[in-house]
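What the coordinates show
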Amino acid sequence: MLRIWRTFVIGLALTLGVALAAREAAAHPHVWIDLRTTVVMDDQGRVTAIGQEWLFDPIYSAYVTGGLDPASDKARKALDDLLGESMTNLREYDYFMRVRADGGRLALEDARDTSAAMRGDRMLYRFTVPLSDPVDPRSRDLDIAVFDPTYYIEMLHLEGDVIAFQGANQTGCGARIIEPAPDMNAIALAQSLDRNAAADDTLGAQFAETVIIACK
C-alpha cells in the first residue's frame, strides 16, 4: 500500500508541476527515497559496515539542484556541497540507520566513500557506514532499518530488489525485508501533518522496513 501511495503522489506532483511541491501540502511524507542496501563482510564472515544508495524523487531533486545542467561544474559543486552538509547533519541521527544485534542497537562510525551524482532527473547519494564493532550474523540476530524518525521522508527499498552482500566470506548469507505495518493512529497522524509540522521521532519507525540478515 505504501508503494502504491508513493507512486500516486509523485505522479500527481509531476503532472501538476514542481510548484505543487513548494506549497504547504498536507500529510507526511514530503520527500521519497528509493533505497539499496549492501551488507559489507570481512574474511571472517562478520558484518563490518552497511552500504547505502539513496535515489531521491524527481521533485525534490529538481528543487535542491535548482534545475542546473547535471554535467556542469556548477551542478557538480552544488551536489558536493549538499552532500557534505547532509552527511554532517545525518551523523547526529546515525545516517537514518538503525542496526541491531539481538535487539540491541549498535554504534556506528562516520560515513566513508561518500558521493553524490545525478541519475537522470534524480539525485543519488552513495555512502558506507562502518559498525563500531563487527558482528557475526551466524551467532547473533542482525536487523537493519533505514528511516527518517519524523517520517518527513519516506524511505523504502526498490520493490523486488535483493539486499546485496559484499566481502570475501558471505557463504550461506541472505536477507529478507519485513514490510512496515503502521497502526491506524500513526497513519492518521501522518495524514494530519503539513510541511511545516514536526512529528516526534517515533513516527518514522512505524513506516520503516526491517531487513533481517541471516547466515548459516
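Provided above is the structure to which this section pertains.
Rules used in this analysis
Residues numbered from 1 in each chain as written. Predicted model: local features only at pLDDT ≥ 70, side-chain atom pairs only at ≥ 80, totals over all residues. Heavy atoms only, no water. Helix = DSSP H or I, 4+ residues; strand = E, 2+ residues; numbered from the N terminus. Buried < 20%, exposed > 50% of the residue type's maximum accessible area, 1.4 Å probe, protein only. Contact = heavy atoms within 4.5 Å. Areas by Shrake-Rupley, 256 points an atom, 1.4 Å probe, with all protein chains shown as cover. Expected span 1.5 Å × (residues − 1). Arc of directions from axis to C-beta. Pairing = 2+ DSSP bridges. 1 Å grid on protein atoms, 1.4 Å probe; cavity = no way out; pocket = protein on both sides within 12 Å on 5 of 7 lines; lining within 4 Å. Points joined across faces, edges and corners; volume = space filled by probe spheres on them. Nonpolar A, V, L, I, M, F, W, Y, C, P; charged D, E, K, R; others polar. Salt bridge = Lys/Arg side-chain N within 4 Å of Asp/Glu carboxyl O.

**Section: the overall build of the protein chain**
Broken down by element type, the protein chain carries 6 helices and 11 strands. The buried share of the protein chain, reckoned over its 216 residues, is 44%. Taking the intrachain contacts of the protein chain between residues at least 6 apart in sequence as the baseline, contacts between residues at least 24 apart amount to 74%. Surface summary for the protein chain: the accessible area is close to 11200 Å², and the carbon and sulfur share equals 53%.

**A word on helix α4 (residues 73-91)**
Under the 1.5 Å per step criterion, the end-to-end length of α4 is 27 Å for 19 residues, consistent within 8% with the ideal 27 Å. Those residues of α4 lying buried are A75, L79, L83, S86, M87 and L90. In a view along the axis of α4, the buried residues occupy a sector of 100 degrees, so they form one face of it. In α4, the exposed residues that point more than 90 degrees away from the buried face are D73, K74, K77 and T88. If you follow the buried residues of α4, they end up packed against β2 (47-56), α3 (58-65), β5 (112-119) and β6 (122-135).

**Here we look at the sheet that holds strand β3 (residues 97-101)**
Ordered by their spatial adjacency, 5 strands build an open sheet running β4-β3-β7-β11-β10, and the pairing between neighbours is antiparallel. Two strands bound the open sheet, and with one partner strand each, they are β4 (104-105) and β10 (173-178). Inspection of the sheet shows β3 paired to β4 by 2 bridges, in the antiparallel sense. Bridge pairing in β4 links A101 to G104.

**A word on the side chain of T128**
Position of T128 relative to the elements: it lies in strand β6. Given the relative accessible area of 13%, T128 is considered buried. Beyond its immediate stretch of four places on either side in the chain, T128 contacts A49, I50, G51, D110, A111, R112 and D113.

**Brief notes about the layout of surface pockets**
In this structure, the second largest pocket occupies an estimated 330 Å³ of space. Lining the second largest pocket are 14 residues, and of these Y60, S86, N89, L90 and I153 sit closest to its centre. It is α4 that contributes the most residues to the lining of the second largest pocket, 5 residues altogether. Classifying every residue of the lining of the second largest pocket gives 11 nonpolar, 2 polar and 1 charged.

**Observations concerning empty space enclosed by the protein**
Enumeration according to the criterion identifies 1 cavity of 30 Å³ or more in this entry. Of the pockets and cavities examined, the largest cavity occupies roughly 40 Å³. Around the largest cavity, the lining residues are T65, L68, P70, A75, A78, L79 and M118. When residues in the lining of the largest cavity are grouped by element, the largest group, 3 residues, is from α4. Within the lining of the largest cavity, the residues separate by chemical class into 6 nonpolar, 1 polar and no charged.

**Brief notes about the pattern of salt bridges**
All chains considered together, the criterion is met by 13 salt bridges. Between R122 and D34 there is a salt bridge whose closest N-O contact spans 2.9 Å. In this pair, R122 sits in strand β6 while D34 sits in strand β1 (residues 31-41), placing the two residues 88 residues apart along the sequence. In this structure, R100 engages D143 in a salt bridge whose closest nitrogen and oxygen atoms are separated by 3.0 Å. Here R100, found in strand β3, pairs with D143, found in strand β7 (residues 142-146); they are 43 residues apart in sequence, far enough to count as distant. On the accessibility criterion, D143 (9% relative accessible area) is buried. Overlapping salt bridges bring together R36, E53, R119 and R126 as one network.

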